[in-house]
Amino acid sequence: MYDVAIIGAGPVGLSFATALAGSGLSAVLVERQPLSVLEDPSFDGREIALTHHSRTLLEQLGAWAHIPQNAVSPLRQARVLNGTASYALTFDTGGKDEGPLGFLVSNHLIRSALYAALQGTPDIRLIAGTGVESVTTGAEAATLRLSDGQEIRARLVVAADTRFSRSRQEQGITASMHDFRRSMLVCRIEHETPHEHVATEWFDYGQTVALLPVNGAASSLVLTRDPAEIERLNGLEPAAFEREMGQCLRRRHLGRLRLVSTRHAYPLVATYAHHFAGRRFALLGDAAVGMHPVTAHGFNLGLRGAETLAREILSAKRRGQDIASPAVLRRFETAHRLATGPLYAATNAIAVLYAQEGLPARLARHAVLRLGGQIAPFRKAVSAMLMDRGAAMGR
Ligand SMILES: Cc1cc2nc3c(=O)[nH]c(=O)nc-3n(C[C@H](O)[C@H](O)[C@H](O)COP(=O)(O)OP(=O)(O)OC[C@H]3O[C@@H](n4cnc5c(N)ncnc54)[C@H](O)[C@@H]3O)c2cc1C
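These lines cover the structure that appears in this document, whether it is placed above or below. (Residues numbered from 1 in each chain as written. Predicted model: local features only at pLDDT ≥ 70, side-chain atom pairs only at ≥ 80, totals over all residues.)

So, the overall build of the chain
What counts here: Under the scheme used here, helices are H or I runs from DSSP no shorter than 4 residues and strands are E runs no shorter than 2 residues, and both carry numbers assigned from the N terminus. We take the radius of gyration over the C-alpha atoms and set the globule estimate at 2.2 Å times the residue count to the 0.38 power. Here exposure depends only on C-beta density: within 10 Å of a residue's C-beta, 20 or more other C-beta atoms make it buried, 12 or fewer make it exposed, and intermediate numbers make it partly exposed, the C-beta atoms being placed from the backbone.
Each helix and strand in the chain was counted, giving 11 helices and 20 strands. Relative to the compact-globule value of 21 Å for 395 residues, the chain shows a C-alpha radius of gyration of 21 Å, a close match. Its C-alpha atoms give the chain principal-axis dimensions of about 60 × 45 × 40 Å. In the chain, which comprises 395 residues, the share counted as buried stands at 44%.

Here it is in structure tokens:
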């Protein structure tokens, strides 16, 4: 019997498994994708804006060293624009010598770095290419049934199996879901005008456009529109796509632009589980909190949840207690709900308000941005949240 069985070797499952390495707990990580995909994941369009705290955690896990440093792009400033107005709400570090606001790293590089870090942890077993079919939990242990017929018993099951988590459903844990009825297209573009490591979020009418600065004369283009529109854009020939994006982004003065990556589309559905734990069962990552990407916090919060759960179960182990007792899981759940609930609600409110276009909404959109710009403590608080310098906890 294992101490911990983890479902899903996405970035959060991998992080949590690595956090348990060397602790004396036995752990198994089950992933339905084949090993070749884990070893060398392909570009999926996502550029993850990491906070300072997440960077520290990735360093502690031994993953940061596996990310090529020329693939880490510092984020010096974020600018938010609304509709056709020229006013921009800006967030930065206030000129203090605090380094950048955050760091942009491609999701596939984070995944391969975490996989590489896991290779240095022989006490964690990885089963790839086999999905978890069912989970049953009992008073003393939980049992996972895998698609190849294997059965695995563990004291605690941790599910990091996407925002549509099947095991969450199976355990009777409901989740609130918000379908934004929009899709997001992500890809890399090269452009003539340098970005100076400034990110732009432009809440236009009919679309939202984010330009995230990556190293070189390139940005990650993140375009949110109606799903049918995104499908159409995704199907265009590169030259036609470049022409249309050139038109769409002409007010951003990027100069000539060129598509330099594959394009990827994601439907926008946010989820928040009504509980993060059950009997011998806990949820992590998107399975617990599936954020709308507009505030760039899904993985950051997933990492934080992995840190919190690891801290609670390791401290129970040190005290000689059951690592999956209701008290341990309750402490994890309380802390993680506090860390995620307000940001989840605020993110959804922003996404809903800035997708509306009637006159009252247009006025509210403008007023919110102006007000935010005039309240210095608000700007400082948002910058601090984007940076998240919270001290990383020892393992
Ligand atoms: C366009 C976009 C931009 C984003 N930008 C940011 C950003 O800037 N900052 C940020 O912090 N976050 C960002 N995010 C969010 C971030 O990508 C996610 O929060 C993160 O990938 C979630 O990781 P996860 O491991 O929880 O889940 P996933 O990445 O969904 O991985 C889940 C894994 O579980 C496996 N699995 C599922 N079911 C089973 C099963 N039954 N058996 C075995 N394995 C199973 C899957 O194969 C998968 O590998 C963005 C998301 C998108 C879509």
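Examining the site of the ligand
In plain terms, the rule: Throughout this description, a residue near a molecule or strand is one whose C-beta atom, derived from the backbone, lies within 6 Å of it. Residue classes follow a fixed rule: Ala, Val, Leu, Ile, Met, Phe, Trp, Tyr, Cys and Pro count as nonpolar, while Asp, Glu, Lys and Arg count as charged, and any other residue, Gly among them, counts as polar.
Around the ligand, a shell composed of 33 residues is seen, among which Gly8, Gly10, Gly285, Ala296 and Gly298 lie nearest. Secondary structure elements with two or more residues in the shell around the ligand: helix 1 (11-19), strand 2 (27-31), strand 3 (47-50), strand 12 (175-191) and helix 8 (298-318). Its residues assigned to classes, the shell around the ligand comprises 15 nonpolar, 12 polar and six charged.

Some points on the environment of Ile313
Our working rule: Two residues qualify as being in contact provided that their C-beta atoms, derived from the backbone, are within 7 Å of each other.
Among the structural elements, Ile313 can be located in helix 8. Along the backbone, Ile313 and Leu25 are 288 residues apart, and their C-alpha atoms lie at a distance of 9.7 Å. Those residues in contact with Ile313, other than ones at most four positions away along the chain, are Leu156, Ile323 and Val328.

Side note on unusual backbone geometry
One non-glycine residue, Arg181, adopts positive backbone phi at about 55 degrees. Its place among the elements puts Arg181 in strand 12. Judged by the 11 C-beta atoms lying within 10 Å of it, Arg181 is exposed. In this model, Arg280 sits at a positive phi of 50 degrees, which is unusual for a non-glycine residue. Looking at the secondary structure, you find Arg280 in the loop between strand 18 (277-278) and strand 19 (281-283).

Looking at the pairing of strand 10 (residues 142-146)
What counts is decided by this rule: Criterion used throughout: strands pair if DSSP finds at least two bridges between them.
Bridge count between strand 9 (residues 132-137) and strand 10: five bridges; the pairing is antiparallel. Note on strand 10: the bridge partner recorded for Ser134 is Arg145. In this antiparallel pair of consecutive strands, strand 9 and strand 10, the connection spans four residues. Two elements, strand 10 and strand 11 (residues 151-159), share four bridges in a ladder whose sense is antiparallel. Bridge pairing in strand 11 links Leu144 to Ile152. Hairpin connection of strand 10 to strand 11: four residues between the antiparallel strands, including Gly149 at a positive phi of 95 degrees.

Some points on the environment of Leu20
Here Leu20 lies in the loop between helix 1 and strand 2. Of the residues examined, Leu20 has 26 C-beta atoms within 10 Å and is grouped as buried.

Don't take any of this as a statement about function, it's just geometry.
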